[in-house]
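Summary of structural features
Listed below, chain by chain, are the residues.
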Amino acid sequence: MSSLTLALPSTSLASTRPVSAVVVSPLPLAAILDHHLRRGNDQDRVFGTLLGVRSEADNTVQVRNAFGVPYQAQGRGEVTVDMDHHKSLLDLHLKINPNEVVVGWYATSPQLNSFSALIHNFYTAESSPSPAIHLTLDPTTLAFTAYTASPIGTSPRPDHLAFIPVDSIMRLHEQERAGIDLLTSNLTSLSNSAAASKELGADLPVSTPLATMYRLLTKVSVMLDQVLEYVRAVAAGEREGDERVGRALLETVGVVPTASQPQQAQKKGTETKGFEEEFNAHLADVLMVSYLANLVKTQTELSSRLNLLV
Amino acid sequence: MSVEQQGAFEDSYTQPYGSAYFISVDPIFEEQITEAVSLIARSRPENVRVSYISQFAAAAKAASPTPALDSEEQDDQVQEKKEIEEDSDETKQAKRKVIRDLLSSIKGLRLEGTDKEFEGFANLLLSLILSLFPSTDVDFPTLILILSDALLFSADRTANPTLSSRYASLAILFNSLPTTASPSLRLTVLLKLITYASTNDDFTVIAPALARLESWLLEWGFGPGTPGEEEGNAAVASVVNSLVNKSKFVEARELLIAHLSSPSAVEGKAATPSASAAKLASQLITLSLSLPTIYDFSALSTIPSVSTPSTPRLAQLLTIFQNGDVAAFEQFAKSNAAVLDEHKLVAEQLETKLKLLALAELCSKKVGETVSYEEIAEALKLKAGANDDGEEVETWVIDAIRASLISGRLSQSLASLHVTRAAPRSFTTEHWTQLASRLQGWRQSLDAILDSVAKGVNVGGGEGVGAVEVSQEGAKEESA
């Protein structure tokens, strides 16, 4: 069952400010999984620190980074967590990016236990004055859940805590997309042959604006094909169309300059052409300028070298 | 080795309830009760406080299996905790009695305390109930409801604890209801929360709950076409009422649309909607008609129960808005003034909306063209004065643009409107075909652009490499 997170109003005190949602970037999730896969043979789960940013405007916590903290379990009921390791790594991270602070901790097991309460207390102190969050990642299903802690009893005891679920979502930041695309394309090509990796290699030297534009245009045209297929099926009466989709599409198409005048069917052809021609001509101009610029550059380079020789 | 290691994380103090976890290491029943009671006692008259606390403390002590534990015994207790819990039915019964008494003593009491104390108190009582009473127990729903009432009971707004901590505590209670708890109990708790927050005007707080209400109703078996349909409809009706009472018409309408168009309702098209659904449909039509921001009425026709609302006249009125004109409405209004009055619909407002729709319809046939003021005046049946200068037409057009029905440019000197976009009144196959042809056009021009960009990429790439080569050669020469 999905849990309920209320949009509680902000308070002036940081320690009582509610957490309305936890936004996780793909990077920390990948780091947590990586940590889990590299765990020792005798361990069934790993812990670590979550770094991120708190947004005071909407009370969300953004998890942007994570690092593992080693621990040792000695028999029943005894766990030693290497807090020195946490402190020194945290220092290093803060040197790189002082904006990302400790927001909580993670564990790679969907089940909580009494150590969760004790570890959580440590992280509450680390992330003070704001409350810490706890993220559990199930390594088999890859499902993750975020919790905040709430005391049980009027006189708070460190080992009496209720962990309350908070809405958690994964969000990919625009800036990360290129990197994630590259990573995931590698993933899919793993199953394919070496040909795919060769293709990937060709893509790797990241690209001129024009090449990027080429890629984006290809993407758009693929998406357009999908939409066209749907619209055609609906128009031909093969499937029931959703009116809302139709209206949204019509609005979108209206914004596209070349296709905005469908009423003038004959005129439309010429106008589309006009736009294309203009675009092509402009593109040719740009290419010419860049060619000439390169030519000039080469020329000067040559002449300076020749001057040296002479 | 690994077995032993896993054992390190196993303990009997952690209990998952619902989607929350409660962790209490070595809980001592007597202490827990005393803590809870001392907070409750603050709301009691001073002269009975002490006796009240000691009464419960004594009861709790009597209920605990081994009243005085020294530390050694406690360790043994930990090892055998499971056994003890399972064995001593008597103890459990005694503890349950204490909890029952405790909860009946907080009925109608205004709890006092700081936010932190209140939060802890609520969690404490909740964990006691959850650990001692299985969700199938007959007393379980009653106790949960008493607790939720007590959490929400407050005499005035400013009192400590604050409203937000009350909301938060009830949300925790809702989240920690075990999966085996009855759906009605969940719904009741949720409705309590929604009603309480709406009486205090805290709609932003419960917005997430409202957004999920429909999916929960379906999940819990209150969706249309199920045995729990009536209960679900009643719940939606009560939420909608509290929203309407606070003038939250847009939210109320969204909730109604979500509820009436939920999947199972659409599937069961053949079945006639129940009386309660028909009532909700009437409310939906009324809200859609009276809200000044809603102009899309064709979307409503996909909702089955809307065609058979509890007031059949409303369906007729909706049809006029879907494809009728002002004249048809005037006729309707003349003979059905009582119906309009009953649903608090204002004839003038409706007429205005209808005229704007007519304007949009006119414009949607002329996207990319110009429409003269005369045409607009004729479509709207405006009787313009001699020296009006089209001002009235302009007002109407501006209103339509503001309602985002159309967009375009007015030209006063030419007395015409250049339409760049207009929302069609209903979305037909014709529109789909039109959309397909526009998309096709877009696709083609995109292909052409793609071609030239592809050329550009090849040319630019080759030339760039050449330049690099030259400079490398130059470097070589230099080093030589």
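All figures in this text were calculated on a predicted structure; none of them were measured in a lab.

1. Structural notes on the overall build of chain A
- Secondary structure summary: chain A contains eight helices and ten strands in total.
- Accessible surface, chain A as shown: approximately 17300 Å² in total, 59% of it carbon and sulfur.

2. Considering the domain arrangement of chain A
- Under the domain assignment, chain A is made up of domain 1 (17-177) and domain 2 (206-257).
- Relative to domain 2 of chain A, the C-alpha centre of domain 1 of chain A lies at a distance of 41 Å.

3. Considering the interface of chain A and chain B
- Counting residues at the interface gives 96 residues for chain A and 96 residues for chain B.
- Overall, the association of chain A and chain B removes approximately 8500 Å² of surface from exposure, summing both partners, and the carbon and sulfur fraction of that is 64%.
- For Arg212 of chain B, the salt bridge is made with Asp167 of chain A, and the minimal N-O distance between the two is 3.0 Å.
- Linking chain A with chain B are eleven residue pairs in polar contact (both at pLDDT 80 or more).
- Taken together, the elements giving at least two residues each to the side of chain A that touches chain B come down to β4 (71-73), α3 (114-126), β8 (144-151), β9 (160-166), α6 (209-235), α7 (243-255) and α8 (265-309) of chain A.
- Among the elements that make up the side of chain A that touches chain B, the one with the highest residue count is α8 of chain A (18 residues).
- When grouped by side-chain class, the residues that make up the side of chain A that touches chain B number 50 nonpolar, 29 polar and 17 charged.
- Relative to strand β2 (residues 20-24) of chain B, β9 of chain A is paired through four bridges, and the arrangement is antiparallel. Residue pairing across strands places Leu161 of chain A opposite Ile23 of chain B, the latter belonging to β2 of chain B.

4. Here we look at the sheet that holds strand β2 (residues 47-54) of chain A
- A sheet is described by the order of its strands in space; here ten strands give the open sequence β10(A)-β1(A)-β3(A)-β2(A)-β6(A)-β7(A)-β8(A)-β9(A)-β2(B)-β1(B), paired in mixed fashion. Because the sheet does not close on itself, it has two edges, and the strands there are β10 (168-170) of chain A together with β1 (14-17) of chain B. The mean inter-strand angle of the sheet, taken between neighbouring strand axes irrespective of direction, is 30 degrees.
- Both β2 of chain A and strand β6 (residues 101-107) of chain A contribute to a ladder of six bridges, which runs antiparallel. Of the residues in β6 of chain A, the one forming a bridge with Leu50 of chain A is Gly104 of chain A.
- In this fold helix α9 (residues 163-175) of chain B packs onto β8 and β9 of chain A together with β1 and β2 of chain B, with an angle of close to 85 degrees to the strand it touches most, β9 of chain A.

The rules behind these values
- Residues numbered from 1 in each chain as written.
- Chains lettered and ligands numbered in written order.
- Predicted model: local features only at pLDDT ≥ 70, side-chain atom pairs only at ≥ 80, totals over all residues.
- Heavy atoms only, no water.
- Helix = DSSP H or I, 4+ residues; strand = E, 2+ residues; numbered from the N terminus.
- Areas by Shrake-Rupley, 256 points an atom, 1.4 Å probe, with all protein chains shown as cover.
- Domains from an automatic or database assignment.
- Contact = heavy atoms within 4.5 Å.
- Buried area = accessible area lost by both parts, 1.4 Å probe.
- Salt bridge = Lys/Arg side-chain N within 4 Å of Asp/Glu carboxyl O.
- Polar contact = N/O pair within 3.5 Å; in protein donor to acceptor, adjacent residues only side chain to side chain.
- Nonpolar A, V, L, I, M, F, W, Y, C, P; charged D, E, K, R; others polar.
- Pairing = 2+ DSSP bridges.
- Axes fitted to C-alpha atoms, helices over the stretch in contact; angles between N-to-C directions.

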